[in-house]
Amino acid sequence: MDAKTEKSNLIAGETGDWEVVIGMEVHAQVTSNAKLFSGARTEFGGEPNAHVSLVDAAMPGMLPVINEACVAQAVRTGLGLKAEINLSSVFDRKNYFYPDLPQGYQISQYKNPIVGEGEVIVDLLSGERVVVGIERLHLEQDAGKSLHDQHPQNSYVDLNRSGVALMEIVSKPDLRSSEQAKAYVSKLRTILRYLGTCDGNMEEGSLRADVNVSVRRPGDGFGTRCEIKNVNSIRFIGQAIEYEARRQIEIIEDGGTIDQETRLFDAKTGETRSMRSKEEAHDYRYFPDPDLLPLELTQDFVDEIAGSLPELPDEKRARFIADYGLTPYDADVLVSERESVDYFEDVAKGRDAKQAANWVINELFGRLNKEGLAIDDSPISSAQLGGIVDLIKAGTISGKIAKDVFDIVWTEGGDPAEIVEKRGMKQVTDTRAIEKAVDEVMAANPDKVAQAKEKPAVAGWFVGQVMKATGGKASPQAVNALLKSKLGLE
Amino acid sequence: MTDLTDLTIADAREGLAAKSFSAVELAEAHLAAIRCANRALNAYVLETPERALDMAKQSDARLAKGEAGTLEGIPLGIKDLFCTKDVRTTACSHILDRFTPPYESTVTANLWDAGAVMLGKLNNDEFAMGSSNETSFYGEVVNPWRRAGSDAPLVPGGSSGGSSAAVAARLCLGATATDTGGSIRQPAAFTGTVGVKPTYGRCSRWGIVAFASSLDQAGPIARTVRDAAILLGVMASHDPKDATSADLPVPDFEAAVGQGVKGLTIGIPKEYRVEGMAPEIEALWQQGIAWLTEAGATVKDISLPHTKYALPSYYIVAPAEASSNLARYDGVRYGLREPGKDVLSMYENTRESGFGAEVKRRVLIGTYVLSAGYYDAYYLKAQKVRTLIKRDFDQAFENVDAILTPTTPAPAFAAGEKSGDPLEMYLNDIFTVTVNMAGLPGISVPAGLSSEGTPLGLQVIGRPFDEETLFRVGHALEEAAGPMAKPQDWWSKS
């Protein structure tokens, strides 16, 4: 068995256990204003063929010119994946005919990619950690889109995407379960979003994966793989792998063999189906694109980008655990989305980080989840939430009142301190006022006073009554202390 | 008044400046000549008289205001490989039927910015694939030169056969051309004109229909070395839209003309003495050596040992790139579309009907040599040979300033003579392809007439980006050879 085999990941078949082996080719759209080799815009949407230059439409005599911003993004991504940056790389032509491929070839990188080997650390909810090797990252052009539903006989072509820069990030076959594969793509997406090199928007197709799946008996060599093309959600990736692994196991257990082929995932049925066999595979006739010179980078260019990298999720997570004393789970929840961690760090800045984390995770995320909102849509800003945390810290309000304040800010907005002031929600710390309330409650309930002396737990009832009498504003610590002494429980 | 179509560009420039004639008169004289000649020669595939007169009028206005550009009012023909804005551009292929680009190639834009006047689009071999201008969808071009005592049509060379024929027949003062394996120099040699293939990267390829991207270069065909220098000076530029364009200043090429060859060392490569070369070509070469020696140059024997591999390697590299470059002609977005029952059959029908036999042959060769299992044996090997060829030249240029060779192994041949045998046709490029493979500049200068009375050319090869030495040596040869004879006008019909 290899080091990555885990008993818990094995799939039970009719004839024994099977291990699934997964490698991923993730296509991530580079965040850039212009396309990889033309000045046309890259934004999603727009009328069909609104963002198409003469180069993108492969008009006669048009030539590609590399967009340096895309190169910088690829290097940035490579550095974020702790990968080697190849100072010299080559663009090749991948030749095939398709109506949404105007040049009749895709400009890609074949033998000499811009980024070499790296790694991604994936932590699963179970606590399992997988280090996934990155084989390479290369830059390539996206194709256009064929529209088959616009006309009864003809297809239309939309070239808005044609020529948009993609990074193809190829993993080693290091994944052993659909959970790992999903977690890997999530983590990769997080890293890309931290780096600002891909927006990670899977619905808009900014991130999609080709999934290579094979099965084997634990300890055996690799089985024959099938490649599932263009899976565009993390959930679908999981479904596709589950289905495909089962399909392959069944075939082998029935005495069959797996044909190497390219398959498609059907989101409606949750199944994969054959797209083309190995025999039908294209001969892409790769060769270096003579329109482009080899891409030569200087070490200074790379170093400058390295110097501008943000703190990445792994480092943030480690820092949150070590410096803030957060649990690994809380740290994971916070670092998984760049917007969340930015929000959290705003709240935590100059405040008790653990308390900030509690408020962000439990109150804010809880409420956002309940209402189906993203962090960017939060009605409460980090400054407002920070204000609430400050009020607790200063003893102005209790944690309980703070939740009310949170609720008011959520629905009505406003400055938490002002709300507390105006609505008289300030915590009563004046012991004379609290003492008065305690005395009144005790005087009105002599039987309970007697009970409490026998059963100290009854003191809790008194706390509730006093809090009720003070409209919840009494400092719970002060109430507790007074009751204990007056009831003689000390 | 002298015949305006017989002027050199340098003369016309002076005449226009001196107001001896107007740009409109100059354009009209050429348009009239084209009208009389084109049926016989088929040099132009598209005449643009209205545009020419309009441009000439604007030139006259600028001349009057003293704002004349370098080529103000000079009427030129443009090879149909150059995309010209709002003017049909087809690369003489059926597949680009009626294609009218909404953009102007960088080279032609440079010409118009300098005040040049466009007379029309010139015929060429389809997609510049050919050495005789017989593969054009618009029919073959006829060489204005004939063998003494014969009416048999000769080819004007190719692929820039329309350019060479038009310049030789006085249907323009100069023309743009392109050279992938000899397509400027060989037609120039066949028509008694001067053709320059500049260093790869000297002229922008942007807006020129691509044949083989790593070999294609634009250059001029003109009647004198000076005219060629004037034209190249305007055509050349660094262009950020072409990643292979050289970011170097463009020297004053015209200033090099007439500087003489004293102190220059000229290399004579022994490998260019090929089997079967006509004795008169050998004699011409010796004559060229004698002229340069007399003019003060030192001549030195050199060796370019990998020369014999150049042609076979070229016919791997060029078709490989072409097979990919021509993939965009699929009937989807522009040009010809032949419907089919599905996309695949539409592709097949369009390309079957749109491409001629020579283009198909090269696409097939190119596809084959790039295929899985053959790539290393053909394409990769050819690229290695290319490196060796380049190294041969690098080493030679340590000892010599330029290299003198014949341009072609034989003078212009008869129409139909070689079109049935591609290999024999390809052999025409034997002296010229090395220059493209090494990315060097080369010039062909008319140096005499064959025993049959047809032109012969000598080629000078220079160091990268040292076109100036080519113009010096080329001009010395031109001076020594004396005024080039003019083809006798048999083609004009009013």
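Quick notes on the rules
Residues numbered from 1 in each chain as written. Chains lettered and ligands numbered in written order. Predicted model: local features only at pLDDT ≥ 70, side-chain atom pairs only at ≥ 80, totals over all residues. Heavy atoms only, no water. Helix = DSSP H or I, 4+ residues; strand = E, 2+ residues; numbered from the N terminus. Rg over C-alpha atoms; globule rule 2.2 N^0.38 Å. Buried < 20%, exposed > 50% of the residue type's maximum accessible area, 1.4 Å probe, protein only. Contact = heavy atoms within 4.5 Å. Areas by Shrake-Rupley, 256 points an atom, 1.4 Å probe, with all protein chains shown as cover. Domains from an automatic or database assignment. Axes fitted to C-alpha atoms, helices over the stretch in contact; angles between N-to-C directions. Parallel < 35°, antiparallel > 145°, perpendicular 65-115°, else oblique. Left-handed = near helix turned anticlockwise from the far one by under 90°. Nonpolar A, V, L, I, M, F, W, Y, C, P; charged D, E, K, R; others polar. Buried area = accessible area lost by both parts, 1.4 Å probe. Salt bridge = Lys/Arg side-chain N within 4 Å of Asp/Glu carboxyl O. Polar contact = N/O pair within 3.5 Å; in protein donor to acceptor, adjacent residues only side chain to side chain. Phe/Tyr/Trp six-rings, centres within 6.5 Å; stacked < 30°, edge-to-face > 60°. Lys NZ or Arg CZ within 6 Å of the ring centre and 35° of its normal.

## Some words on the overall build of chain B
At step 1: A tally of helices and strands in chain B yields 16 helices and eleven strands.
At step 2: In summary, chain B has a C-alpha radius of gyration of 21 Å against a globular reference of 23 Å for 494 residues, a match within 12%.
At step 3: Along the first, second and third principal axes, the C-alpha set of chain B runs to 65 × 55 × 50 Å.
At step 4: For chain B, the residues scored as buried account for 64% of the 494 residues in total.
At step 5: For chain B, long-range pairs separated by at least 24 residues make up 77% of all intrachain contacts whose partners lie at least 6 apart in sequence.
At step 6: Only carbon and sulfur atoms are counted for the fraction: they give 52% of the accessible area of chain B, which is about 16900 Å².

## Some points on the domain arrangement of chain A
At step 1: Examined at the domain level, chain A breaks down into domain 1 (7-305), domain 2 (318-422) and domain 3 (431-486).
At step 2: Taking only C-alpha atoms into account, the centre of domain 1 of chain A sits 66 Å from that of domain 3 of chain A.

## Some remarks on the packing of helix 7 (residues 338-348) of chain A against helix 8 (residues 353-371) of chain A
All names here are of chain A.
At step 1: For the pair helix 7 and helix 8, the least separation of the axes is 9 Å and the interaxial angle reads 135°. Comparing the axis directions of helix 7 and helix 8 gives the class oblique. The crossing of helix 7 and helix 8 is right-handed. Seen from helix 7, the contacting residues are Ser340, Tyr343, Phe344, Val347 and Ala348; seen from helix 8, they are Ala353, Ala356, Ala357, Val360, Leu364 and Phe365.
At step 2: Of the residues in the contact of helix 7 with helix 8, the class split is ten nonpolar, one polar and no charged.

## Considerations on the interface of chain B and chain A
At step 1: Each partner contributes residues to the interface: chain B has 39 residues there, and chain A has 30 residues.
At step 2: Across the chain B to chain A interface the summed buried area is about 2800 Å²; carbon plus sulfur atoms make up 60%.
At step 3: At the junction of chain B with chain A, the criterion picks out one salt bridge.
At step 4: Notably, a salt bridge pairs A:Asp291 with B:Arg205, separated by 3.0 Å at the nearest N-O pair.
At step 5: Taken together, the links from chain B to chain A amount to 16 residue pairs in polar contact (both at pLDDT 80 or more).
At step 6: Looking at the side of chain B that touches chain A, the elements with two or more residues in it are helix 10 (310-325), helix 11 (343-354) and helix 12 (357-370) of chain B.
At step 7: At five residues, helix 10 of chain B tops the list of elements feeding residues into the side of chain B that touches chain A.
At step 8: When its residues are assigned to classes, the side of chain B that touches chain A shows 22 nonpolar, nine polar and eight charged.

## What to know about the packing of aromatic side chains
At step 1: Applying the stated criterion across every chain yields a total of 30 aromatic pairs over all chains.
At step 2: Here A:Tyr284 and A:Tyr286 contribute two aromatic rings whose centre-to-centre distance is 6.0 Å and whose plane-to-plane angle is 65°, an arrangement assigned as edge-to-face. The residues A:Tyr284 and A:Tyr286 share a single accessibility class, namely buried.
At step 3: Among the aromatic residues, ring-to-ring pairing joins B:Phe99, B:Phe127, B:Tyr329, B:Tyr334 and B:Phe355 into one connected group.
At step 4: Positioned above the aromatic ring of A:Tyr284 is the side chain of A:Lys94, whose terminal nitrogen or guanidinium carbon lies 4.4 Å from the ring centre.
At step 5: Between B:Lys418 and the ring centre of B:Phe413, over which it is positioned, the NZ or CZ distance is 5.1 Å.

## Some remarks on helix 5 (residues 161-168) of chain B
Residue and element names in this part refer to chain B.
At step 1: Burial runs high along helix 5: eight of the eight residues are buried.
At step 2: Restricting attention to buried positions, one finds in helix 5 the residues Gly161, Gly162, Ser163, Ser164, Ala165, Ala166, Val167 and Ala168.
At step 3: Looking at the buried side of helix 5, the elements it contacts are strand 1 (44-47), strand 2 (75-79), strand 3 (117-122), strand 4 (174-179), helix 6 (185-191) and strand 6 (217-222).
At step 4: Arginine 170, located one to two residues past helix 5, shows a positive phi value of around 65°.

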